[in-house]
Amino acid sequence: MSTENLPQSPEQPSRKPRVAVVFGGRSSEHGISVVTAGAVLKAVDRTKYDVLPIGITQDGRWALTADEPERMAITERRTPNVEELAESAEGAVVLPVDPANREVVYSEPGSVPKALGEVDVVFPVLHGPYGEDGTLQGLLELSGVPYVGAGVLASAVGQDKEYMKRVFTSFGLKVGPYVVIRPREWARDESAARRKIVDFAGEHGWPLFVKPARAGSSIGITKVDDLSGLDEAIAAAQAHDPKILVEAALRGREIECGVLEFEDGPRASVPAEIPPPDTHAYYDFEAKYIDSTPGLVPAPLTPGETAEVQRLAVDAFEAASCEGLVRADFFLTEDGEFVINEINTMPGFTPISMYPQMWQASGVGYPELVDRLIQAALRRSTGLR
């Protein structure tokens, strides 16, 4: 029987993938995360994707925010926050912890909950604890929602500078001298913990860098030139993390390299160099984000040095079982050796951040970079992989 004269059902237009950009969070890097989200929201191709901006306030509430990236910029040396962007001071967004249901719900006190539709992929641009450290990634795994960037283990390793260094060492990557003071050590005997740092300085010399073990964006870091500044530096680091890391100063050049997941695996960008800032003791938070100290892209390296740091950056990506993206930071010492300092599994992604700049110089512009990260996430399933 012919069907050509029967009524035909109209074809349903295929739905665009829905991307939830999640930002803000409870860490001290809240403001930079908001700035990053603004840049990502501007860059997402709206002809390919629907976008749902979700901000996490500093006290942990998931808030529905307006899709207004122009309000997410640093103004008058001040970073924005989710509380200023939230549609309501009390409303909350809920992502069901159910792999069979990806529908996001918004509720306000005294109102009927409103369905916001399904989410196909999450772009988490949180920095620091409670977001970049595997906690959000674990929630998304339970929810069965694909997401951009590293999984639970790699995110946790990338956040904890002690275990990051231990992993790198086990894979044969060279790291600089360091010592760790854990919270229980400090609580048990402050004098002994302080003496441990002083002994470390006696072995490796001053200055030392005292930093929170599980923070980023150079927040809470102090360069300590002698014993007189040690207690203040410890307190500054412990204000952000009860576990602190103390590193010996390495003489050399600061070199960074981006890694991006392509269809055929991770590739490295051209590297960049961070020259010593003129008005800061080192490349701290203000030098990075407020005063926008420029880096050199590409770094003035020999072809052999460039190839070597690109190889090491991909090795670090693989050693930590990363996915999506990484920025790997190195020192090129005076004897010509690359020493890895750390990786960032969700590096700064603002327009002035080094990661996008390195990929721009490598032929991948910001919108394409964002698209590639979303596509890489959509290709992966959640769960063991």
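Before reading further, recall that the structure is shown in the block above.
Predicted model only: the values in this text are computed from it and were never measured.

**Side note on the packing of aromatic side chains**
Applying the stated criterion across every chain yields a total of 5 aromatic pairs. The interplanar angle of 35 degrees and the centroid separation of 5.9 Å between the aromatic rings of phenylalanine 349 and tyrosine 355 together place this pair among those described as tilted. One exposure class covers both phenylalanine 349 and tyrosine 355, and it is buried. Plain terms: the ring middles of phenylalanine 349 and tyrosine 366 are 5.5 Å apart, the flat faces sit at 75 degrees to each other, and that makes the pair edge-to-face. Placement of the pair is phenylalanine 349 in the loop between β16 (338-344) and α11 (354-361) and tyrosine 366 in helix α12 (residues 366-379), with a sequence separation of 17 residues.

**Considering helix α7 (residues 190-204)**
The end-to-end C-alpha separation of α7 is 21 Å, in line with the 21 Å expected for 15 residues at 1.5 Å each. For α7, the full list of buried residues reads Ala193, Ile197, Phe200 and Ala201. Each buried residue of α7 sits inside an arc of 100 degrees when the element is viewed along its axis, so together they form one side. Turned more than 90 degrees off the buried face of α7, the exposed positions are Asp199, Gly202 and Glu203. Tucked inside the fold, the buried residues of α7 contact β8 (178-181), α6 (183-188), β9 (208-212), α8 (230-238) and β11 (244-248). Of the residues flanking the end of α7, it is glycine 205, one or two places downstream, whose phi is positive at about 85 degrees.

**Things to note about the sheet that holds strand β3 (residues 62-64)**
Strands sit in the order β3-β2-β1-β7 across an open sheet of 4 strands; the sheet is mixed. On the outer flanks of this sheet lie β3 and β7 (121-124), each paired with one strand and no other. Ignoring which end each strand starts from, the neighbouring axes of this sheet average 30 degrees apart. Strand direction decides the pairing type here: strand β1 (residues 18-24) and strand β2 (residues 50-56), joined by 7 bridges, are parallel. Its bridge partner being in β2, arginine 18 is matched across the sheet by aspartate 50. Along the sheet, helix α1 (residues 30-43) makes contact with β1, β2 and β7, crossing β1 at roughly 155 degrees. Helix-sheet contacts for α12 involve β1 and β7, and the interaxial angle to β7 is about 130 degrees.

**What about the nonpolar core?**
Counting 35 residues, the largest nonpolar core has Val21, Phe23, Val40, Phe123, Phe349, Val370 and Ile374 as its most contacted members. Of all the secondary structure elements, the ones that give two or more residues to this core are β1, α1, α2 (82-85), β7, β12 (252-262), α11 and α12. Aside from chain neighbours lying at most four places away, what touches valine 40 is Val21, Phe123, Val125, Phe349, Tyr366 and Val370. Ala150, Leu173, Ala316 and Ile343 belong to the second largest nonpolar core, which has 28 residues in total.

**So, unusual backbone geometry**
Of the consecutive residues tryptophan 206 and proline 207, the connecting peptide bond is found in the cis state with omega at 0 degrees. In this fold, proline 207 is placed in the loop between α7 and β9. Valine 297 connects to proline 298 through a cis peptide bond whose omega is -5 degrees. Position of proline 298 relative to the elements: it lies in the loop between α9 (285-290) and α10 (303-319). The phi angle at tyrosine 130 is positive, at roughly 65 degrees, despite the residue not being glycine. Looking at the element boundaries, tyrosine 130 is found in the loop between β7 and α3 (135-143). In this structure tyrosine 130 comes out as partly exposed when scored by relative accessible area, which is 44%.

The rules behind the values
Residues numbered from 1 in each chain as written. Predicted model: local features only at pLDDT ≥ 70, side-chain atom pairs only at ≥ 80, totals over all residues. Heavy atoms only, no water. Phe/Tyr/Trp six-rings, centres within 6.5 Å; stacked < 30°, edge-to-face > 60°. Buried < 20%, exposed > 50% of the residue type's maximum accessible area, 1.4 Å probe, protein only. Helix = DSSP H or I, 4+ residues; strand = E, 2+ residues; numbered from the N terminus. Expected span 1.5 Å × (residues − 1). Arc of directions from axis to C-beta. Contact = heavy atoms within 4.5 Å. Pairing = 2+ DSSP bridges. Axes fitted to C-alpha atoms, helices over the stretch in contact; angles between N-to-C directions. Core = buried A, V, L, I, M, F, W, Y, C linked by side-chain atoms within 4.5 Å.

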